[in-house]
Number of protein chains: 2
Amino acid sequence: MRHSSRAEVDPFIVMDVMEAARAAEEAGRHIIHMEVGQPGSGAPRAARERLVAEMEAGPLGYTVALGRPDLREAIAALYGEWYDLDLDPARVVITAGASGAFLLAFSALFDAGDKVALGEPCYPSYRQILRALSLVPVGLQTDLASRYQPLPRQMSGDLAGLIVASPANPTGTMLDKTAMGALAGSCAERGISLISDEIYHGLQYNGRAISALELTDEVYVVNSFSKYFSMTGWRLGWMVVPPDHVRLIERLAQNMFICPPHAAQVAALGALSPEGRAELDGHRAVYAANRALMLEGLAAAGFDRVAPADGAFYVYADVSEITTDSQAFCAEILEQAGVAVTPGLDFDPVRGERTVRFSYARATADIEEGLARLKGFMSTRAAAE
Amino acid sequence: MRHSSRAEVDPFIVMDVMEAARAAEEAGRHIIHMEVGQPGSGAPRAARERLVAEMEAGPLGYTVALGRPDLREAIAALYGEWYDLDLDPARVVITAGASGAFLLAFSALFDAGDKVALGEPCYPSYRQILRALSLVPVGLQTDLASRYQPLPRQMSGDLAGLIVASPANPTGTMLDKTAMGALAGSCAERGISLISDEIYHGLQYNGRAISALELTDEVYVVNSFSKYFSMTGWRLGWMVVPPDHVRLIERLAQNMFICPPHAAQVAALGALSPEGRAELDGHRAVYAANRALMLEGLAAAGFDRVAPADGAFYVYADVSEITTDSQAFCAEILEQAGVAVTPGLDFDPVRGERTVRFSYARATADIEEGLARLKGFMSTRAAAE
Ligand SMILES: Cc1ncc(COP(=O)(O)O)c(C=O)c1O
Ligand SMILES: Cc1ncc(COP(=O)(O)O)c(C=O)c1O
């Protein structure tokens, strides 16, 4: 059977790292996981309790395509709390993760052949989902001067869209209000549809993450229960879309997804309760402690050229003074130090051979052990050279 | 903000019926629901119990993109039980419902502009998902002579794909081994990719549903936990793909979905247990009883031109002798008889003005009451004419 040309998406390199780590563990080694981009914690207790209760009360059938009204209202309320915004729940669309939101947003906004820009380094699936939808990803190279975020002067008139993320994966950097406003303004001027990936909101350590909604209503904002809410496997997220796009998205969602996972919607309501939120804020405190350890420990190990780690749970390091083959270098770290880390190639096909991403989403004890191993590894390596 | 042209998908007409039914209920009326295509029952007890247990045991993080190996194995075993096939679990791909399977299959098989055929009447979302992916749906008109299923002589060389469903929605009709074999052969000859929607397998009343896999390995078979397994809101399904397509689908799934909903995967394992299966077979017995009542009761009411209701939980009636405006007719039935039914326009844009779909997925008492109301309505209507 033949396959389409759009199906020819790149593999995830981190998967090879994960497989190598798994094989090492199977062979009896103890591995510290700094490669995976997901919390070590699960859904809050309140989320699980809510699900148990509703599951016994009646069948979890299809919900309406845009998601349960009570959940849409609870999310709209979050915009009051987090950004002091008065958001109409009618604009909140519940999705099958941020991933499902991208499928809806890209289909709603772009036609086959359209060019969509993304700042590089970035979350690798943007590029691959665009390709799978017959769209053309345009990588904009970013650097430390702009906190690895794209700049208005990089926009051109032939772009149909721009995807930004703040805090970003893999860098953790944020766009401040001025930078976000400049990008939104530039998009508006040029008729470029702006998609703001805000999946790491709730996890920031240097001031407050700015939502694109604070600057404009002409934006698709994407968020998720995967990160701050610690519910990756539940596959639940949401979008906020312009008022005149709600019906359009509703029709697409009815057909493409029928509805977002109902059990996850119920659990999310529990996660949004005061008890759920308290538990989640506890996780954030752990990440904050981990981050401080990371910045100090990585520098001590020799990884001192890092992006400003404003949010999320990543440190992105320039390792060009150590290697020009990040993949081999990560394999070496796993082999020698028993620490799994991600080569930058997944995030930046151009310069990723000289970068590495460290995740600090796991328990603090793991972070401490990982940092000690990295330090030992780097000093042995330096001595050998 | 502008939107894409591919986002211009048609609305579901059944949604208007559901909204009208809801409004009537809110106004205090009692409505019998024969419009919705989902079981009135929920996930089996064994599914819920399994989820409660695993949810307490540890976090439900991202699974691998193709789904949990234990679930893929359990599904492969089902092919032994149902069709006496020895299926390699490596070919089973867990998806976010049959809906998620279509998104993966269409992206994997077709490029923008490709033509994909479907027999009409059919599940409306095939057409809309194809459009959202910049593909061109080609409706093949079917009729009673072929049990409302497409025929090999309707295939033409410019088609990239064909979607068949057996048992089908809205008709409930099945393809026998000869008919399925002829379609598969014709597709192979012409280089047309065959997608077989087998979501209603497990729900058949006239002999056994044939899987396309019994005839060829060169097919994408789509199935789901929504119908026989009674787990619509959980958003879980699966595909069986040719061995040399597994890696391709894995990469697409990693990027487009990350993974199928983990909680649903756990629940599905419970549904597949002997206790789960026993509960589900009980539902099937209810549908079988409902179906017998429906065929008799609908005929008695005057709906006697129906498609052969081999499987699923639908009866599709030709009402051309009663009306040429199925939408107005359904509104009238709801208003006068308090029974919600679906106009055929959702399934067949050409001839659906003269057809109606009745669903019998609810409790038997509801079916009895609905049939009595329909009979009363039709005799009053005849008397008035
Ligand atoms: C920046 C970013 N966006 C989106 C996603 C997708 O998240 P999900 O589909 O789990 O909501 C991820 C996952 O790692 C991410 O890092
Ligand atoms: C024929 C057919 N295929 C696919 C689907 C989608 O099912 P799901 O995404 O819930 O698995 C339906 C839903 O009604 C259907 O009737």
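Worth saying up front: this structure is predicted, and the values here are computed from it rather than measured.

Overview of the UniProt feature "domain: Aminotransferase class I/classII large" (unreviewed entry) in chain A
Under the UniProt annotation, the feature "domain: Aminotransferase class I/classII large" (unreviewed entry) is placed at residues 32-374 of chain A. Span residues 32-374 of chain A is 40% helix and 15% strand, its end C-alpha atoms 10 Å apart.

Quick look at the site of ligand 1
Of all residues adjacent to ligand 1, which total 16 residues, the nearest are Ser99(A), Asp197(A), Ser224(A), Ser226(A) and Tyr62(B). In the environment of ligand 1, an oxygen atom lies 2.8 Å from a nitrogen or oxygen atom belonging to the side chain of Lys227(A). Relative to its free-state accessible area of 400 Å², ligand 1 is covered by the protein chains to the extent of 97%. At 4 residues, the largest contribution of residues to the shell around ligand 1 is made by helix H4 (residues 97-109) of chain A. Taken together, the residues of the shell around ligand 1 break down into 8 nonpolar, 5 polar and 3 charged.

So, the site of ligand 2
The environment of ligand 2 is formed by 16 residues, the closest being Tyr62(A), Ser99(B), Asp197(B), Ser224(B) and Ser226(B). Ligand 2 is flanked by residues contributed from chains A and B. Contact distances for ligand 2 include 2.8 Å between an oxygen atom and a side-chain N or O atom of Asn169(B). Here an oxygen atom of ligand 2 and a side-chain polar atom of Lys227(B) are 2.8 Å apart. Burial of ligand 2 by the surrounding chains reaches 97%, relative to a free accessible area of 400 Å². At 4 residues, helix H4 (residues 97-109) of chain B tops the list of elements feeding residues into the shell around ligand 2. Across the shell around ligand 2, the residue classes tally to 8 nonpolar, 5 polar and 3 charged.

What to know about the packing of helix H7 (residues 246-256) of chain A against helix H5 (residues 124-132) of chain B
Two elements in contact, H7(A) and H5(B), have axes separated by 8 Å at closest approach and are oriented at 120 degrees. Here H5(B) runs oblique to H7(A), going by the angle between their axes. Considering the relative orientation of H7(A) and H5(B), their crossing is left-handed. Mapping the contact onto sequence places Leu252(A), Gln254(A), Asn255(A) and Met256(A) in H7(A) and Pro124(B), Ser125(B), Gln128(B), Ile129(B) and Ala132(B) in H5(B).

Comments concerning the relation of the copies chain B and chain A
Comparison of the two chain copies shows a relationship of rotation about an axis with a shift along it. With an RMSD of 0.0 Å, the fit of chain B onto chain A corresponds to turning through 180 degrees and sliding 0.0 Å along the axis. Read as a symmetry element, the transformation amounts to a two-fold axis.

Some words on the interface of chain B and chain A
On the side of chain A, 74 residues touch chain B, which itself brings 74 residues to the contact. Of the roughly 6000 Å² buried where chain B meets chain A, counting both sides, 56% is carbon and sulfur surface. Summed over the three residues of chain B that lose the most area to chain A, namely Met1(B), Tyr62(B) and Asn255(B), the buried surface amounts to 14% of that side. Summed over the shared surface of chain B and chain A, the number is 4 salt bridges. Notably, a salt bridge pairs Glu56(B) with Arg48(A), separated by 3.4 Å at the nearest N-O pair. Joining chain B to chain A, the criterion identifies 38 residue pairs in polar contact (both at pLDDT 80 or more).

Some words on the domain arrangement of chain A
Residue and element names in this part refer to chain A. Here the domain parsing of chain A yields domain 1 (5-42 + 276-378) and domain 2 (45-273). Here the C-alpha centroids of domain 1 and domain 2 sit 24 Å apart. Taken residue by residue, the interface counts 38 residues in domain 1 and 45 residues in domain 2. Carbon and sulfur atoms make up 51% of the area that domain 1 and domain 2 hide from each other, which totals about 3500 Å². Three residues, Arg 6, Arg 277 and Asp 310, lead the burial of domain 1 against domain 2; their summed loss comes to 21% of the area buried on that side. Linking domain 1 with domain 2 are 3 salt bridges, by the criterion used here. Scanning the region where domain 1 abuts domain 2 turns up 30 residue pairs in polar contact (both at pLDDT 80 or more). If you list the elements that add at least two residues to the side of domain 1 that touches domain 2, you get helix H9 (274-301) and strand E9 (314-318). Of all the elements, H9 adds the most residues to the side of domain 1 that touches domain 2, at 10 residues. Its residues placed into classes, the side of domain 1 that touches domain 2 shows 18 nonpolar, 7 polar and 13 charged.

A short note on the nonpolar core
With 249 residues, the main nonpolar core has Phe106(A) and Phe106(B) as its most contacted residues. In contact with Phe106(A), other than residues within four places in its own chain, are Tyr126(A), Ile129(A), Leu130(A), Leu133(A), Leu135(A), Ile163(A), Ile195(A) and Arg6(B).

Concerning the side chain of Thr216(A)
For Thr216(A), the location among the structural elements is in the loop between strand E6 (193-197) and strand E7 (220-224). Thr216(A) sits in the buried class, given a relative accessible area of 19%.

Observations concerning the state of the cysteines
All names here are of chain A. Scanning the model with the defined rule gives 0 disulfides over all chains in all. Just so you know, Cys 122 is unpaired, no disulfide at all, and the nearest cysteine sulfur is the one on Cys 187, 15 Å from it. For Cys 122, a relative accessible area of 4% corresponds to the buried category.

What to know about the environment of Ala288(A)
Along the chain, Ala288(A) turns up in helix H9. Sequence spacing of Ala288(A) and Asp70(A) is 218 residues, and the spatial spacing of their C-alpha atoms is 31 Å.

What counts and how
- Residues numbered from 1 in each chain as written.
- Chains lettered and ligands numbered in written order.
- Predicted model: local features only at pLDDT ≥ 70, side-chain atom pairs only at ≥ 80, totals over all residues.
- Heavy atoms only, no water.
- UniProt positions renumbered as here; feature names shortened; annotations may be inferred.
- Helix = DSSP H or I, 4+ residues; strand = E, 2+ residues; numbered from the N terminus.
- Near = heavy atom within 4 Å.
- Polar contact = N/O pair within 3.5 Å; in protein donor to acceptor, adjacent residues only side chain to side chain.
- Areas by Shrake-Rupley, 256 points an atom, 1.4 Å probe, with all protein chains shown as cover.
- Nonpolar A, V, L, I, M, F, W, Y, C, P; charged D, E, K, R; others polar.
- Axes fitted to C-alpha atoms, helices over the stretch in contact; angles between N-to-C directions.
- Parallel < 35°, antiparallel > 145°, perpendicular 65-115°, else oblique.
- Left-handed = near helix turned anticlockwise from the far one by under 90°.
- Contact = heavy atoms within 4.5 Å.
- Least-squares fit on C-alpha atoms with pLDDT ≥ 70 in both.
- Buried area = accessible area lost by both parts, 1.4 Å probe.
- Salt bridge = Lys/Arg side-chain N within 4 Å of Asp/Glu carboxyl O.
- Domains from an automatic or database assignment.
- Core = buried A, V, L, I, M, F, W, Y, C linked by side-chain atoms within 4.5 Å.
- Buried < 20%, exposed > 50% of the residue type's maximum accessible area, 1.4 Å probe, protein only.
- Disulfide = S-S within 2.5 Å.

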